[in-house]
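# A closer look at the structure
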Amino acid sequence: MNIEDIIPGNSYACMYKDLNGVDCLAVIHTRDTTQRMVEIEDTNTGLMMTMSYDDVHSVDTVEYKADL
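Here is what the cut-offs are and how they apply
Residues numbered from 1 in each chain as written. Predicted model: local features only at pLDDT ≥ 70, side-chain atom pairs only at ≥ 80, totals over all residues. Heavy atoms only, no water. Helix = DSSP H or I, 4+ residues; strand = E, 2+ residues; numbered from the N terminus. Contact = heavy atoms within 4.5 Å. Salt bridge = Lys/Arg side-chain N within 4 Å of Asp/Glu carboxyl O. Buried < 20%, exposed > 50% of the residue type's maximum accessible area, 1.4 Å probe, protein only.

### A look at the environment of Tyr53
Of note, Tyr53 is situated in the loop between β4 (48–52) and β5 (56–61). Taking the C-alpha atoms as reference points, Tyr53 and Glu4, 49 residues apart in sequence, are found 8.7 Å from one another. When near neighbours in sequence (up to four residues on either side) are disregarded, Tyr53 contacts Ile3, Glu4, Arg31, Asp32, Thr33, Arg36, Met37 and Val38.

Below is the structure:
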């Protein structure tokens, strides 16, 4: 799925490369279609980042489940 195809109000995740070139998983929080930027939260560290559309890939839907 392309980041341009995401529907506002739905939940999505993506992959990005960290500074070491390792693929990391993040949840997409906001998207700026004018500037082609996304605000993402790394699922391991909780770090919030703003990245270019070009720096994220493998966008897919997210389904949240409560911890049991």
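### Digging into the pattern of salt bridges
With the rule as written, the count across this model stands at three salt bridges. For the salt bridge of Glu4 with Arg36, the shortest nitrogen-to-oxygen distance reads 3.0 Å. Of this pair, Glu4 sits in the segment before β1 (12–17) while Arg36 sits in the loop between β2 (23–32) and β3 (37–42), placing them 32 residues apart in sequence. Judged by relative accessible area, which is 43%, Glu4 ranks as partly exposed.

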